[in-house]
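# Structural features, examined
Below are the chains, spelled out letter by letter.
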Number of protein chains: 4
Amino acid sequence: MGSSFGTLFRVTTWGESHGSSVGVVVDGCPPRLSLCEEDIQKELDRRRPGQSSIVTQRRESDTVRILSGVLDGLTLGTPIAMEVPNEDARPRDYEELREKYRPSHADFTYDRKYGIRAWMGGGRASARETIGRVAGGAVARKWLAERFGVEIVAWVEKVHTQSVDVDPSTVTREQVESTPIRCPDPQAAERFIQRVEEARKNGDSVGGIVGCVVRNCPAGWGDPVFDKLEADLAKAMLSLPACKGFEVGSGFAGTDLTGLQHNDVFRSKDRRVYTPTNRSGGIQGGISNGMPIVFRVAFKPTATVLRPQDTVDVRGDETTLQGRGRHDPCVLPRAVPIVEAMAALVLADHALIQLAVEASAPHPTEAAWTP
Amino acid sequence: MGSSFGTLFRVTTWGESHGSSVGVVVDGCPPRLSLCEEDIQKELDRRRPGQSSIVTQRRESDTVRILSGVLDGLTLGTPIAMEVPNEDARPRDYEELREKYRPSHADFTYDRKYGIRAWMGGGRASARETIGRVAGGAVARKWLAERFGVEIVAWVEKVHTQSVDVDPSTVTREQVESTPIRCPDPQAAERFIQRVEEARKNGDSVGGIVGCVVRNCPAGWGDPVFDKLEADLAKAMLSLPACKGFEVGSGFAGTDLTGLQHNDVFRSKDRRVYTPTNRSGGIQGGISNGMPIVFRVAFKPTATVLRPQDTVDVRGDETTLQGRGRHDPCVLPRAVPIVEAMAALVLADHALIQLAVEASAPHPTEAAWTP
Amino acid sequence: MGSSFGTLFRVTTWGESHGSSVGVVVDGCPPRLSLCEEDIQKELDRRRPGQSSIVTQRRESDTVRILSGVLDGLTLGTPIAMEVPNEDARPRDYEELREKYRPSHADFTYDRKYGIRAWMGGGRASARETIGRVAGGAVARKWLAERFGVEIVAWVEKVHTQSVDVDPSTVTREQVESTPIRCPDPQAAERFIQRVEEARKNGDSVGGIVGCVVRNCPAGWGDPVFDKLEADLAKAMLSLPACKGFEVGSGFAGTDLTGLQHNDVFRSKDRRVYTPTNRSGGIQGGISNGMPIVFRVAFKPTATVLRPQDTVDVRGDETTLQGRGRHDPCVLPRAVPIVEAMAALVLADHALIQLAVEASAPHPTEAAWTP
Amino acid sequence: MGSSFGTLFRVTTWGESHGSSVGVVVDGCPPRLSLCEEDIQKELDRRRPGQSSIVTQRRESDTVRILSGVLDGLTLGTPIAMEVPNEDARPRDYEELREKYRPSHADFTYDRKYGIRAWMGGGRASARETIGRVAGGAVARKWLAERFGVEIVAWVEKVHTQSVDVDPSTVTREQVESTPIRCPDPQAAERFIQRVEEARKNGDSVGGIVGCVVRNCPAGWGDPVFDKLEADLAKAMLSLPACKGFEVGSGFAGTDLTGLQHNDVFRSKDRRVYTPTNRSGGIQGGISNGMPIVFRVAFKPTATVLRPQDTVDVRGDETTLQGRGRHDPCVLPRAVPIVEAMAALVLADHALIQLAVEASAPHPTEAAWTP
């Protein structure tokens, strides 16, 4: 259970790191969207290993194949299945893991839950599972861009103790992609990369924070009560490996303000309503208000470290595990496209629901707030 | 849409502040659980207005009635419907709101979404909706306690800029309930209350942070991938009114550590596996590991303030709104039972799923890690 | 579990015959639909006991109250909760049932499933549960009629061994309502009523078949694969108490034809495509084709009979049960509004989904088949 | 939407006849089930084309590959993805279909729904989609057999106007498989085959009825109200291509009986409760009662016929379509394993839910009705 996400725009991912391939089924994608493998591949290339010196050197081309749902370059409205073969499994690297639980990994909990686990590389807990998310998110993102002009940009804004301020209203994907760590500020990027390099040399790892903005999202997306837009975004982000926190708008720091300081007053210009400040993060009462949606996601330092650690074995005896092999000293640069993909999946789902609401009872045309 | 939560243990809430009542249907509650209205009422009493001088003075007894699903004090396994009448609606307080959008409330976004809104008191965005959550959560919590011995304790650990450290492994509900602000530390509680009183005198408001721990949760609850335990907790919390952030275990602060510092090494004692540290917050790979589940939730300062604020009216013209009436200068003490209720709902759902998994393929009895 | 139905237009029913009330929560109803209690009551009056001499004389006014989701006569888009009190429970009639299982009722299976059961009147298996369905269906039907002009008409076409042919393209609700047995043909109605009276005098019961047509349903509703329109209709009908069969279009009798005889050839007139025959029953490949949707539903004879029957008690000992009290010698006339309500729920759900599909990728305007 | 089925044991199918492959993702399969490709292949071989002279001669080996979810021959509890390549697409056979709608097929309705369709062979409406169902059902069936001893046997009991009585309590899969038409009665099989051959020679087609029994199903599976066991079976069957009707137990013919004739009285032997008759079809109030579950499914004659038929083209102009190529003159023998697969999927889902219910509140051990 739990491998599906979304109501009307729904993805189901499958695949473990040790198996022959990983993939995704996208159900509910609108028909007649222009779609080809290159649309997916360009997002996968931002996620794949080996793209720069600061990520894992595992060799995987991560080449996607569309198996269904597209005819003559157009989506059919039926499920789009996509598959990416596993090329570089190296199970011999994992022999020790058959017997020992890696600290702060999911080996122990999978065994507790299922009484069995894919000890060769983490199974479903492996970051390879996110390939399906990025592939599905690429479809969602393309539709959101073409149908509504929605832009989604994420970036790295903190690595270990180093951080930088990024302006969500102006940051571009080009700026983000211009540094290998995916920080739009070149000076900060250097500081970040230095931290990653230090960690790598020590066989250690670092975490950090990814920021994300969604621009041009129409007002009205999101449901009141349980399926609030920020609630679904929070679930989407906390479902990512290594994620430990989520905040929207003013977030945790907003608790330092009083209500009078925190409230976003409304203004209007040419009958268009806006808020000069955006501590709400573009969402009020669970529903988008037309301002940029802004949120931040915390990722812990990678659990895989290349140093000996105390642990227990499958019999419950204490032992020591020597980390080895290739690893990501910092997941942040590869997390950027994954965060964007998850945001796209949440938004596409709510966009479809809101299209149904609006078409079910066309808005009164005289309403002043109609754009 | 969006008024249901959960898969096997599912609640559906209904009701607006202006209507005759609010309520909840709990579907999937296990049969033969001893349950009476007093079990529900005691949790509702912790949430209701007027319980102390630092919360809203709106007068509501919030008396619950069980309408179905219980026979002779035992649950039947069929839906438990519960209703709480609205007593103190005072629609005259709201006349101005028919025309003007309150800043940082959901008035504007509801109008954008639906083309109509319950202008008398916020409708579904009113905190009265959480009555259904607390009532449903009381059922979940009782079952979790009786079936598994699960304990859920939340507390206020920050109000405005004041904060305190609380030890999640020892904090008790009695300590929490001993102060009106629901902070287990009496000195900190005084500081917190002072901030709330200051805000109240200024017609202003403050926010803060609620901490929560779940103890005695068996290992194995939670699903890999999208329905990770922390993902569902994050969704549950971000679905609460005024919530702006969620973090589990080491959270945002965990990004300041390296992997070697952050990892929770495993130890065992009498064949029982544990981690001396708990930066994972009791969850690894989306699945509980048997350690206490620890998380924190940020609430913004209440949007209702008793001071004039700039805004726009329903025609999009700029205007001024004079806040009036009764309000909560700080939602935190009343948020405590709501956070606990949402945690109980998430856990009860995953508990049922895991019962199915375990019964579907009984664990090998010889496994060393069996408790 | 299992008390909710629908994806975007979703109902959740609650309540047992012995409790204080029964009810429903309708989530996902479009906003700004004109709705009042009388809209619901008129459908409930067609379902309620005591409306004529051929149905149960149990005395219940079945008066509905709308608890939420409506403001000033318009729906808000938020959950509509509706409640109907139980007035005539007479638990003393049921004392024997505490110990003995009624044949062909759900007493035995509920005990097996839950280890407990509402022995006073059948609990959730009581036909009173369908009050919530009829109330929810009344909302769906009103929206379908106002938004699309959809008409739903059901009728009794067989009672015991007596039957009649009804033309689905012309039958009206007025004709159906003109006889107490809800058969649009007055002569057949007399034959049907005679069979019911005979059964009643013998303390026996009879079943029969309800036919139903949906007219003016646009083409394009329904999903391929698992959520085919006929699949959801079949589920809706088989979820009704006493239902034993469902067929659409040519149904079981269609197996007597060859493909050449059975196929519905297409014709067009004024660029409007239609099929002169309708053995498809208005659905092809799971999707409505614009022709009337026609289906039939079989109901077994009422299991409650006023004669002694062999059975077992809760200890598994063989015994005899003397049926007593009031009962419906034939559920068919009261099943008519319930069948219509379930059809309305299925259609409203698929209508909303199709509105999302159409708005997600506006159809090419040049298409010849655009209406 | 609509390509997923089930709650805890859930399948998601993908793929069109024209694409590179079809497949399924099975989520929620219990862990540690022994599973290999041969377990799946043997069921697919019963469904595949070309297996005998009376089914389509399309050449497809339908060889399955398990892509995930299995390690060393055991399931992991995580999604099992399976893929079957399309080998014999022959798109040139379909050129005429780019422009013309086949009568009683889904071409017209797909165009209406999506504004686009996979004209080369029916897309998702192609019977190739059922490969995923059979593969998923093979997994469900294996688990049901090993965990509970559940047996599922389906057979052909009517072809065109010819029919036969089959005893559901004794029929075996071996008997069914002993004739190419999958009728356990050899004489009837000959009559059936003759009808199919006649139809084939005429370029015509015939339909019929499949019967199915589930034996050794424990009492207690199925939910009251909307997710009744018979309701989910009805949905499962009506979701199959060409299905027009479903009945359980006494079905439509049961309406000829009175209540006293129809009721299944209870008896007990050695404290085991049973019903000497089984007009309930093994289900009472939506929940299995421990007797064999018996149902029947009607399939219309195949819509593809090799004769000219009137129709319209995509512009709405009337025209004639000459059927050509290979086709199934009768789907019934290939429908048998598909019906069994769908039954297995429904039962596995309800089995898991009931395992959760039972484990949530262990049944009182003293209960007399405990087997």
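Quick caveat: nothing in here was measured; it's all calculated off a predicted structure. (Residues numbered from 1 in each chain as written. Chains lettered and ligands numbered in written order. Predicted model: local features only at pLDDT ≥ 70, side-chain atom pairs only at ≥ 80, totals over all residues.)

## Here we look at the overall build of chain A
Across its full length, chain A holds eight helices and 18 strands. Relative to the 2.2 N^0.38 estimate, which gives 21 Å for 371 residues, the radius of gyration of chain A is 21 Å and therefore close to what a compact globule would have. Expressed as lengths along the three principal axes of its C-alpha atoms, the size of chain A is roughly 70 × 50 × 40 Å. Residue burial in chain A is summarised as follows: out of 371 residues, 68% are buried. Expressed as a percentage of contacts within chain A between residues at least 6 apart in sequence, the contacts between residues at least 24 apart total 70%. (Helix = DSSP H or I, 4+ residues; strand = E, 2+ residues; numbered from the N terminus. Rg over C-alpha atoms; globule rule 2.2 N^0.38 Å. Buried ≥ 20, exposed ≤ 12 C-beta atoms within 10 Å, placed from the backbone. Contact = placed C-beta atoms within 7 Å.)

## Remarks on the relation of the copies chain B and chain D
Look at the two chain copies: a rotation about an axis and a shift along it is all it takes to match them. Of the transformation placing chain B onto chain D, the axial shift is 0.0 Å and the rotation is 180°, giving an RMSD of 0.0 Å. One copy is carried onto the other by what is essentially a two-fold rotation axis. Minimal C-alpha distance to the rotation axis in chain B is attained by B:Ala356, lying at 2.2 Å. Mapped onto chain D, 100% of the interface residues of chain B are again interface residues, and the two copies thus contact each other with one and the same surface. (Least-squares fit on C-alpha atoms with pLDDT ≥ 70 in both.)

## Quick word on the relation of the copies chain C and chain D
Note on the identical chains: chain C maps onto chain D by a rotation of 180° and an axial translation of 0.0 Å, with an RMSD of 0.0 Å. An overlap of 100% is found between the interface residues of chain C and their copies at the interface of chain D, pointing to a shared contact surface.

## Considering the environment of C:Ser288
All names here are of chain C. Mapped onto the fold, Ser 288 is located in strand E15 (residues 287-288). When the C-alpha atoms of Ser 288 and Pro 224 are compared, they prove to be 11 Å apart, with 64 residues separating the residues in sequence. Among residues more than four places away in sequence, those in contact with Ser 288 are Cys 217, Pro 218, Ala 219, Gly 220, Trp 221, Gly 222, Leu 229, Gly 282, Ile 283 and Ile 293.

## As for the interface of chain B and chain D
With 18 residues of chain B in contact, the opposing surface of chain D contributes 18 residues. The biggest single contributor to the side of chain B that touches chain D is helix H8 (residues 332-360) of chain B, with seven residues.

## Quick look at the sheet that holds strand E8 (residues 151-159) of chain B
Strand order in the open sheet formed by ten strands is E9(A)-E8(A)-E10(A)-E16(A)-E11(A)-E11(B)-E16(B)-E10(B)-E8(B)-E9(B), and the pairing between neighbours is antiparallel. The sheet is open, and its two edges are formed by strand E9 (162-163) of chain A together with strand E9 (162-163) of chain B, each paired on a single side. Looking at chain direction, strand E8 (residues 151-159) of chain A and E9(A) are connected through two bridges and run antiparallel. For A:Val159, the partnering residue across the bridge sits in E9(A) and is A:Gln162. Helix H5 (residues 186-201) of chain A contacts E8 and E9 of chain A of the sheet and is inclined by roughly 60° relative to E8(A). (Pairing = 2+ DSSP bridges. Axes fitted to C-alpha atoms, helices over the stretch in contact; angles between N-to-C directions.)

## A short note on the nonpolar core
Among the nonpolar cores identified, the biggest contains 448 residues, and A:Val210, B:Val210, C:Val210 and D:Val210 are the most heavily contacted of them. Residues contacting D:Val210, with those up to four places away along its chain left out, are D:Ala154, D:Trp155, D:Val156, D:Val297, D:Phe299, D:Leu332, D:Ala335, D:Val336 and D:Val339. (Core = buried A, V, L, I, M, F, W, Y, C linked by C-beta atoms within 7 Å.)

## Describing the packing of helix H1 (residues 37-47) of chain C against helix H8 (residues 332-360) of chain C
Residues and elements named next belong to chain C. Two numbers describe how H1 lies on H8: the axes approach to 7 Å, and their chain directions differ by 135°. Between H1 and H8, the crossing angle belongs to the class labelled oblique. Residue-level contacts link Glu 43, Arg 46 and Arg 47 of H1 to Arg 334, Pro 337, Ile 338 and Ala 341 of H8. Here the contact of H1 with H8 is composed, by residue class, of three nonpolar, no polar and four charged. (Parallel < 35°, antiparallel > 145°, perpendicular 65-115°, else oblique. Nonpolar A, V, L, I, M, F, W, Y, C, P; charged D, E, K, R; others polar.)

## Quick look at the interface of chain C and chain D
At the junction of the two partners, chain C supplies 101 residues and chain D supplies 101 residues. Where strand E11 (residues 243-248) of chain C lies against strand E11 (residues 243-248) of chain D, three bridges are found, and the strand directions are antiparallel. Paired with C:Gly245 across the bridge in E11(D) is D:Glu247.

## Thoughts on the confidence of the model for chain A
Residues and elements named next belong to chain A. Across chain A, the average pLDDT comes to 93, with 96% of residues at 70 or higher. Counting contacts from residues 365-371, a segment whose pLDDT is below 50, to residues more than four positions away or on other chains yields twelve contacts. Across the whole predicted complex the pTM is 0.97, and at the interface the ipTM reaches 0.97. (pLDDT = per-residue confidence, 0-100.)

## Comments concerning helix H2 (residues 107-114) of chain D
Summarising burial for H2(D): eight of the eight residues are buried, a large majority. What H2(D) keeps buried is the set D:Asp107, D:Phe108, D:Thr109, D:Tyr110, D:Asp111, D:Arg112, D:Lys113 and D:Tyr114. Contact partners of the buried residues in H2(D): strand E13 (272-274), strand E14 (283-284), E15 and H8 of chain C. Directly after H2(D), the chain includes D:Gly115, whose backbone phi takes a positive value near 75°.

## Remarks on the sheet that holds strand E7 (residues 80-85) of chain C
Residue and element names in this part refer to chain C. Within the open sheet, the five strands sit side by side as E1-E2-E3-E7-E4. Their pairing is antiparallel. The open sheet terminates on both sides in strands that have one partner only, identified here as strand E1 (4-5) and strand E4 (65-66). Alignment of strand E3 (residues 21-27) against E7, held across six bridges, turns out to be antiparallel. Each residue of the ladder has a partner; that of Gly 23, found in E7, is Glu 83.

## Quick look at the environment of A:Arg315
Residues and elements named next belong to chain A. Tracing the sequence through the fold places Arg 315 in the loop between strand E17 (308-312) and strand E18 (318-322). Among the residues examined, Arg 315 registers 13 C-beta atoms within 10 Å and is labelled partly exposed. Taking the C-alpha atoms as reference points, Arg 315 and Leu 8, separated by 307 residues in sequence, lie 44 Å from one another.

## Some points on the pairing of E17(A)
Residues and elements named next belong to chain A. Here E17 pairs with E18 via five bridges, running antiparallel. For Gln 309, the partnering residue across the bridge sits in E18 and is Leu 321. Between E17 and the antiparallel strand that follows it, E18, lie five residues; Gly 316 among them carries a positive phi value of about 90°.

## Thoughts on the pairing of strand E10 (residues 208-215) of chain B
Residues and elements named next belong to chain B. The buried fraction of E10 is high, at seven of eight residues. When E10 meets strand E16 (residues 293-299), the two strands line up antiparallel, connected through seven bridges. Its bridge partner lying in E16, Val 213 is registered against Val 294.

## Remarks on helix H3 (residues 130-148) of chain B
The terminal C-alpha atoms of H3(B), which comprises 19 residues, lie 26 Å apart, in line with the 27 Å expected from a rise of 1.5 Å per residue. Two residues or fewer past H3(B), B:Gly149 is found with a positive phi of approximately 75°. (Expected span 1.5 Å × (residues − 1).)

## Some thoughts on the environment of D:Gly122
Residue and element names in this part refer to chain D. Mapped onto the elements of the fold, Gly 122 is located in the loop between H2 and helix H3 (130-148). C-beta crowding within 10 Å serves as the criterion here: with 26 such atoms nearby, Gly 122 is assigned to the buried category. Distance from Gly 122 to Lys 300, taken between C-alpha atoms, is 17 Å for residues 178 residues apart in sequence. When neighbours within four sequence positions are excluded, Gly 122 is seen to be in contact with Ser 17, His 105 and Ala 106.

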